[in-house]
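Given next are the chains, with one letter for each unit.
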Amino acid sequence: MSLLISPSILAADFANLQQEVEMLNSSQADYIHVDIMDGVFVPNISFGLPVTKAIHNHAKKPLDVHLMIINPNQYLEAFRKAGAEIISVHYEACTHLHRTIQAIRSLGAKAGVAINPHTPVSLLEDTIEDVDVVCVMSVNPGFGGQQFIENTYAKVSKLKELILKKGSSARIEIDGGVNLTNAPKLKDAGADILVAGSFVFSSSDSIQTIEALKNL
Ligand code: DX5
Ligand code: ZN
């Protein structure tokens, strides 16, 4: 099966957001990855609801919203209304993860759980059957353009094993430092969705870069 590609709009030119979204519309991207950072859960602030809504107004691809925020429960409905199709919350930010997953699904969105590089895959053993996406962070969240953490391959293989063992239909998404060097190995390890920010937006031909990732 071919990979699903979710370019991260965090690396786009924010002064020309409509143009950037239209570029993604005309590409082979499957989703648009939207990184929400609150300056508390992660040491950076990105943007919030009005910008997400503005992206959605021009997007022809579903929005894959990655909430790097504390208390995500408080904002699930608002992000769903702003156009989120997938809503991923962080394992590390959810005291009652199972309840949060149910809340996302009850809004009609796909439920994603993101895990930081230090969080073992085994902690998802009791929720894997209830989630639609596991977002494996291959950098410490907070910034685009960081270096890919090599331990991710082993983590993806373990996660794939867990998914198969439990008969879960969860998809594996990789987020951070993805490029054409690590993407084939991630695919072999079991990845389904690749997020790519700087690699797509800083390339001279973003549409072609998306195509190259898609057709690995
Ligand atoms: C990191 C974000 C990522 C980031 C990916 O905190 O969650 O989605 O935008 O950007 P690159 O591909 O540049 O690492
Ligand atoms: Zn992200």
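This text goes with the structure placed above it.
For the structure given in this document, a descriptive report is provided here. Because the structure is predicted, anything quoted here is derived from the model rather than measured.

What counts, and where the lines are drawn
Residues numbered from 1 in each chain as written. Chains lettered and ligands numbered in written order. Predicted model: local features only at pLDDT ≥ 70, side-chain atom pairs only at ≥ 80, totals over all residues. Heavy atoms only, no water. Pairing = 2+ DSSP bridges. Helix = DSSP H or I, 4+ residues; strand = E, 2+ residues; numbered from the N terminus. Axes fitted to C-alpha atoms, helices over the stretch in contact; angles between N-to-C directions. Contact = heavy atoms within 4.5 Å. Salt bridge = Lys/Arg side-chain N within 4 Å of Asp/Glu carboxyl O. Buried < 20%, exposed > 50% of the residue type's maximum accessible area, 1.4 Å probe, protein only. Polar contact = N/O pair within 3.5 Å; in protein donor to acceptor, adjacent residues only side chain to side chain. Arc of directions from axis to C-beta. Donors = N, O, S within 2.8 Å, 3.2 Å for Na, K, Ca; no water. Tetrahedral: all angles 85-135°; square planar, octahedral: opposite > 155°, others 65-115°.

**Regarding the sheet that holds strand S1 (residues 4-7)**
- Spatially, 8 strands are ordered S1-S8-S7-S6-S5-S4-S3-S2 in an open sheet, and the strand pairing comes out parallel. What marks the edges here is a single partner per strand, and that holds for S1 and strand S2 (32-37). With direction set aside, neighbouring strand axes in the sheet form an average angle of 25 degrees.
- Across 4 bridges, the pairing between strand S3 (residues 63-68) and strand S4 (residues 84-90) is parallel. Pairing of Asp-64 across the sheet is with Ile-86, part of S4.
- In this fold helix H2 (residues 49-58) packs onto S2 and S3, with an angle of close to 170 degrees to the strand it touches most, S3.

**With respect to the pattern of salt bridges**
- One pass over the structure, following the stated rule, counts 4 salt bridges.
- Taking the shortest distance from any N to any O, the salt bridge between Lys-81 and Glu-77 comes out at 3.3 Å. Here Lys-81 pairs with Glu-77, and both are found in helix H3 (residues 76-81), just 4 residues apart, close to one helical turn.
- The class of Lys-81 is exposed, set by a relative accessible area of 62%.
- Since its relative accessible area comes to 46%, Glu-77 is described here as partly exposed.
- For Arg-105, the salt bridge identified is with Asp-132, shortest N-O distance 2.9 Å. Of the two residues, Arg-105 is situated in helix H4 (residues 97-106) and Asp-132 in the loop between strand S5 (110-115) and strand S6 (133-137); the sequence distance between them amounts to 27 residues.

**Considering the side chain of Ser-168**
- Mapped onto the fold, Ser-168 is located in the loop between helix H5 (152-166) and strand S7 (171-175).
- A distance of 2.9 Å separates the side chain of Ser-168 from the backbone oxygen of Ile-128, its partner in a polar contact.
- What Ser-168 contacts, discounting residues up to four positions off in sequence, is Ile-128, Glu-129, Val-131 and Ile-163.

**Topic: helix H8 (residues 206-214)**
- Residues Ser-206, Thr-209, Ile-210, Leu-213 and Lys-214 constitute the buried set of H8. Viewed end-on, H8 has its buried residues packed into an arc of 135 degrees, placing them on one side of the element.
- Looking at the buried residues of H8, the elements they touch are S1, helix H1 (17-25), helix H6 (183-189), strand S8 (193-196) and helix H7 (198-201).

**Observations regarding the coordination of the zinc ion (ligand 2)**
- Here the zinc ion (ligand 2) is held by the protein donor atoms His-33 (NE2), Asp-35 (OD), His-66 (ND1) and Asp-175 (OD), which lie 2.1 to 2.3 Å from it.
- Given 6 donor atoms and angles of 70 to 172 degrees at the metal, the environment of the zinc ion (ligand 2) is assigned as octahedral.
- Donor residues for the zinc ion (ligand 2), ordered by position in the chain, follow H-x1-D-x30-H-x108-D. Of this pair, His-66 sits in strand S3 while Asp-175 sits in strand S7, and the two are 109 residues apart along the sequence.
- You can call Asp-175 buried: its relative accessible area is 7%.

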